[in-house]
Amino acid sequence: MHPYRILYNRGVTRLCHFTNINNLRNIFSQGILATSLIKSDIKNVTDPNRYDGNLDYVCCSIQYPNS
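Summary of the structure given here. (Residues numbered from 1 in each chain as written. Predicted model: local features only at pLDDT ≥ 70, side-chain atom pairs only at ≥ 80, totals over all residues. Heavy atoms only, no water.)

What follows concerns the packing of aromatic side chains. Enumeration according to the criterion identifies one aromatic pair in this entry. Here Tyr 4 and Tyr 8 contribute two aromatic rings whose centre-to-centre distance is 6.3 Å and whose plane-to-plane angle is 25 degrees, an arrangement assigned as stacked. On the criterion of helical spacing, the pair formed by Tyr 4 and Tyr 8 is a turn pair, its members being four residues apart in helix 1 (residues 3-9). Across this residue pair, the class does not change: Tyr 4 and Tyr 8 are exposed. (Phe/Tyr/Trp six-rings, centres within 6.5 Å; stacked < 30°, edge-to-face > 60°. Helix = DSSP H or I, 4+ residues; strand = E, 2+ residues; numbered from the N terminus. Buried < 20%, exposed > 50% of the residue type's maximum accessible area, 1.4 Å probe, protein only.)

Here is the structure:
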């Protein structure tokens, strides 16, 4: 099943990606990339320990609307 469909079926409407403000220029020009896809000369990793070891993925938090 496509990841979008999984999120839709669960009612997820927002994802939040945390990053350092210094990364915004690269995000605006290249998009949000997994750690393994970021060029080493511009790499500014938010989570250098990445305990899950999944460097080919992007971490996001599921967000709920504030009431």
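A cluster of nonpolar side chains, namely Ile 21, Leu 24 and Phe 28, defines an oily patch on the protein surface of about 360 Å² accessible area. Secondary-structure assignment places Ile 21 in the loop between strand 1 (14-16) and helix 2 (24-30). Looking at Ile 21, the relative accessible area reads 66%, which means it is exposed. (Patch = residues over 30% accessible without salt bridge, like charges linked within 9 Å, V, L, I, M, F, W, Y side chains within 5 Å. Areas by Shrake-Rupley, 256 points an atom, 1.4 Å probe, with all protein chains shown as cover. Salt bridge = Lys/Arg side-chain N within 4 Å of Asp/Glu carboxyl O.)

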